[in-house]
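Residue-level structure breakdown
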Amino acid sequence: GDSVTQMEGPVTLSEEAFLTINCTYTATGYPSLFWYVQYPGEGLQLLLKATKADDKGSNKGFEATYRKETTSFHLEKGSVQVSDSAVYFCALSNTGKLIFGQGTTLQVKP
Amino acid sequence: ETGVTQTPRHLVMGMTNKKSLKCEQHLGHNAMYWYKQSAKKPLELMFVYSLEERVENNSVPSRFSPECPNSSHLFLHLHTLQPEDSALYLCASSQNGAGLVDTQYFGPGTRLTVL
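Right, let's walk through the structure included here. (Residues numbered from 1 in each chain as written. Chains lettered and ligands numbered in written order. Predicted model: local features only at pLDDT ≥ 70, side-chain atom pairs only at ≥ 80, totals over all residues. Heavy atoms only, no water.)

1. Things to note about the pairing of strand β6 (residues 53-57) of chain B
Heads up, the rule is: DSSP bridges decide pairing: two strands pair if at least two such bridges lie between them. Each helix is a run of DSSP H or I of at least 4 residues and each strand a run of E of at least 2, with the numbering of both proceeding from the N terminus.
Where strand β5 (residues 44-50) of chain B lies against β6(B), 4 bridges are found, and the strand directions are antiparallel. When the sheet's bridge partners are listed, B:Phe47 is paired in β6(B) with B:Asn57.

Following this line, the structure appears as C-alpha cells:
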C-alpha cells in the first residue's frame, strides 16, 4: 500500500542554519504531497503542498519540490529560526485519504 | 487557524466514564475526519464522514462511536476506554467529499488521558 518515510529525528540546528528534512514515498498513480507542521500543544497546520510532478510548494521560507523520478518531497529552508521548532509531517493523498510519515522533530537553538 | 475548533482541549476520564469530544468546522467543508495521534506512532485515521455519512471506519473499537449530525459538527463518543486510548485526538475537515484529493485542515486536538 501507499506509504511515506521521513528521516528520523530529532534534528537539532543552530539559528540561521540550513534545514533539510528528507521525505520519500511509495504510491500508485500520481498522489498529491503535503508538509504539515505541528507546534507544541497544537494541532497540525498545512505548511505547503504540491499536486503534480516538478511542482514546488513554498510557504514561510520553506520549500519542497515534487520529484517523481526519486519519489521524494524533501523540505528545505535556507535559514531556520527558533520559532520553527516543531514536528514536521510529510504526507501523501491518492484517494482523498491522507497517509502520514512518522514526523520529524526540529529543535532550533539560539 | 480557527477554522476548525475542538472541545474540550484536555480531558481526563476513568475507564468507566462516558464522555464526548466535539469538533466544529467553520469553513463550509463537506468532509470531516477523526485521527488519533499517539506518542511515537504515525497519525492513525479513525473515521471519515462525507456529506454527513460515514464512509470509512478503520477497524476502530466500538468503544469509540462517531456522530455527524450535520456537515459542520462531528462528535466522538467515548465509553469504557482503556489506558492505551490515551492520546491526542485530532479532527480535520476538507472541502470535497472523501475519496477526492483535497487539503485537510486540522483542529488543535483534544488531549485525552484515561486513568
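2. So, the pattern of salt bridges
To keep it simple, the criterion reads: Only one rule defines a salt bridge in this text: a Lys or Arg side-chain nitrogen within 4 Å of an Asp or Glu carboxyl oxygen. Buried residues are those whose accessible area, probed at 1.4 Å on protein chains only, stays under 20% of the maximum for their type, while exposed residues exceed 50% and partly exposed ones sit between those limits.
In this structure the tally under the stated criterion is 5 salt bridges over all chains. Note that A:Lys56 is salt-bridged to A:Glu63, the shortest N-O span being 3.6 Å. Under the relative-accessibility criterion, A:Lys56 is labelled exposed at 52%. We note a salt bridge from B:Lys41 to B:Glu44, for which the minimum N-O separation is 4.0 Å.

3. A closer look at the state of the cysteines
As a reminder, the rule being used: Here, a disulfide means two cysteine sulfur atoms that sit within 2.5 Å of each other.
Within the structure shown, the criterion is met by 2 disulfides over all chains. A sulfur-sulfur distance of 1.9 Å marks the disulfide that ties A:Cys23 to A:Cys90. Taking the sign of the torsion about the S-S bond as the criterion, the disulfide between A:Cys23 and A:Cys90, at about -70°, is left-handed. Of the two residues, A:Cys23 sits in strand β4 (residues 23-26) while A:Cys90 sits in strand β10 (residues 86-93), which places them 67 residues apart along the sequence. Accessibility expressed as a relative area gives 1% for A:Cys23, which makes it buried. With a sulfur-sulfur separation of 1.9 Å, B:Cys23 is cross-linked through a disulfide to B:Cys91. Measuring handedness by torsion sign, the sulfur bridge of B:Cys23 and B:Cys91 sits at about -75° and is left-handed. Taken as a pair, B:Cys23 in strand β3 (residues 18-25) and B:Cys91 in strand β9 (residues 87-94) lie far apart in primary sequence, 68 residues in all. Comparing B:Cys23 with B:Cys91 shows no difference in burial state: the two are buried.

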